[in-house]
Each structure stands twice: as C-alpha cells, then as structure tokens.
Amino acid sequence: AQTVTQSQPEMSVQEAETVTLSCTYDTSESDYYLFWYKQPPSRQMILVIRQEAYKQQNATENRFSVNFQKAAKSFSLKISDSQLGDAAMYFCAYRSLIADKLIFGTGTRLQVFP
Amino acid sequence: DTGVSQDPRHKITKRGQNVTFRCDPISEHNRLYWYRQTLGQGPEFLTYFQNEAQLEKSRLLSDRFSAERPKGSFSTLEIQRTEQGDSAMYLCASSLAGTGGYGYTFGSGTRLTVV
C-alpha cells in the first residue's frame, strides 16, 4: 500500500522569504501523480501544484515549485516570496494511475510572519 | 458554477442519533468522492461514485455508514447510530472521469461533533 509522510508538523517563514516543505512517499508503482494541497482556515482544500511521475521536469506554478526526486521518492514544495495569505495547512498527496483516490500525508502547518 | 457545496457546515448530534450530509458537486463532474478528516490528520478516502454507481468503498466505511448518489448529481452520506469516534470533518470532492490526475475540486466540508 502507498503511504505519504510529512515529517514537519509546523514551519514558519518571514514574509518575502522562501520556505521548503518536505514530503516523502512509498510506492511500488512506476507511474502516479503527486499533489500539494493548501487548506486555509476556510477548510476548502485548494490544489497548489501537481506532478506527473513520468515527467522528469519539476512542476512550477508562479511562486510555487516542486523538487521531485523519483528515485528517492521525495516531493518537496518550495514557496518563494512568501505572502501572509500563504499561511495554511499544506498536504502532500499521492494518486495512483489505477485507483481514483488521494492518499494524504498528515500535513504541515505553515505560519507566515510579517 | 459555484464549486462543490456541502450542507450543513456544522452538525452537532447526540451519540446514537442518525445524521445525513449532502454534497452538490460541480455540475459537469461525473465523479464524486467522500473523505473524512480527523483533527491533526490528512483526509482519508471513504468512497467514490461515477454517476450513480458506487465504485469503491474504503474499509473505514463501516456498516453504519451509507452513501448514495441516486441521480448521478448530488450525494448524501448517512451515519447511523453515531459514535464519538465519528466526530470529524467530512469532505466531498468532485472531478471529471479521466482527469483525476489534474486534481479534484473540494467542498468546504461538514464538521460533525458527536456529544
């Protein structure tokens, strides 16, 4: 069975600085999808970025980028130029190509200080 | 489209009572998912539908839980004889079949408190 591990329960960053959130996963599959979701106090999970495992190029969405290391089964999220609105819970998630469901990590709470 | 809607946002119930939650997905999405999120944890998959067919159920979904999507549009999740361990946030999400790799649209959840 696949598992997702987020080893940083909490992280903090100052506004305009850069922060990296860690995620590791375990799978025996060769193709899959990885996601980072943001959950603000409003509770709605918002997709931040996605990565297809067969693509070696790291995904980028504006200030958000990932460092995808397939062999190491690592999928970290880098947030550049952090903003106060980035404060939220961040969840790493895995999706198999076969099974249509997300497997989430336990989350990292990100605080952003002015 | 207003996204995925869930009702109610909060529900407090006494142990042993039955509760029902509703989810209205994005209208063009034919897949609908239910997840449960307990405090300090990530969401856990419960079940999902394609149109009105329930395609997969997690072992987390005990006999006291039943989910339906009768006309392939909205879905309901019922919990019978609630227990304190059922206290959690219940999240609904939707997607278009074949595009799940692009992510899912989530609702804001129903927070259930069993007292």
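Look up: the structure comes first, before these words.
Structure report, in brief. (Residues numbered from 1 in each chain as written. Chains lettered and ligands numbered in written order. Predicted model: local features only at pLDDT ≥ 70, side-chain atom pairs only at ≥ 80, totals over all residues. Heavy atoms only, no water.)

## A closer look at the overall build of chain A
Right, on to step 1. Tallying secondary structure elements over chain A gives 0 helices and 12 strands in all.
Right, on to step 2. Relative to its length of 114 residues, chain A is compact, with a C-alpha radius of gyration of 14 Å against a globular reference of 13 Å.
Right, on to step 3. Once the C-alpha set of chain A is aligned to its principal axes, its extents read approximately 40 × 25 × 20 Å.
Right, on to step 4. Looking at chain A residue by residue over its 114 residues, the buried ones come to 49%.
Right, on to step 5. Relative to all contacts within chain A whose residues are 6 or more apart in sequence, the contacts with residues 24 or more apart total 54%.
Right, on to step 6. Total accessible area on chain A stands at roughly 5,500 Å², and carbon and sulfur atoms take up 46% of it. (Helix = DSSP H or I, 4+ residues; strand = E, 2+ residues; numbered from the N terminus. Rg over C-alpha atoms; globule rule 2.2 N^0.38 Å. Buried < 20%, exposed > 50% of the residue type's maximum accessible area, 1.4 Å probe, protein only. Contact = heavy atoms within 4.5 Å. Areas by Shrake-Rupley, 256 points an atom, 1.4 Å probe, with all protein chains shown as cover.)

## Brief notes about the pattern of salt bridges
Right, on to step 1. Tallied over the entire structure, the rule returns 10 salt bridges over all chains.
Right, on to step 2. For the salt bridge of Asp100(A) with Arg95(A), the shortest nitrogen-to-oxygen distance reads 3.2 Å.
Right, on to step 3. Here Asp100(A) falls in the buried class, since its relative accessible area comes to 2%.
Right, on to step 4. We note a salt bridge from Arg31(B) to Asp100(A), for which the minimum N-O separation is 2.6 Å. (Salt bridge = Lys/Arg side-chain N within 4 Å of Asp/Glu carboxyl O.)

## Details of unusual backbone geometry
Excluding glycine, residues mostly have negative phi values, and the peptide bonds linking residues are mostly trans.
Right, on to step 1. Note that the residue after Asp7(B), namely Pro8(B), is joined by a cis bond; omega there is -5 degrees.
Right, on to step 2. By the secondary structure assignment, Pro8(B) is in the loop between strand S1 (5-7) and strand S2 (10-13).
Right, on to step 3. Phi is positive for Asn62(A), close to 55 degrees, though the residue is something other than glycine.
Right, on to step 4. Locating Asn62(A) in the fold gives a position in the loop between strand S7 (60-61) and strand S8 (64-69).
Right, on to step 5. Overall, the relative accessible area of 75% leaves Asn62(A) in the exposed class.
Right, on to step 6. Phi is positive for Lys73(A), which is not a glycine, with a value near 55 degrees.
Right, on to step 7. Within the secondary structure, Lys73(A) sits in the loop between S8 and strand S9 (74-79).

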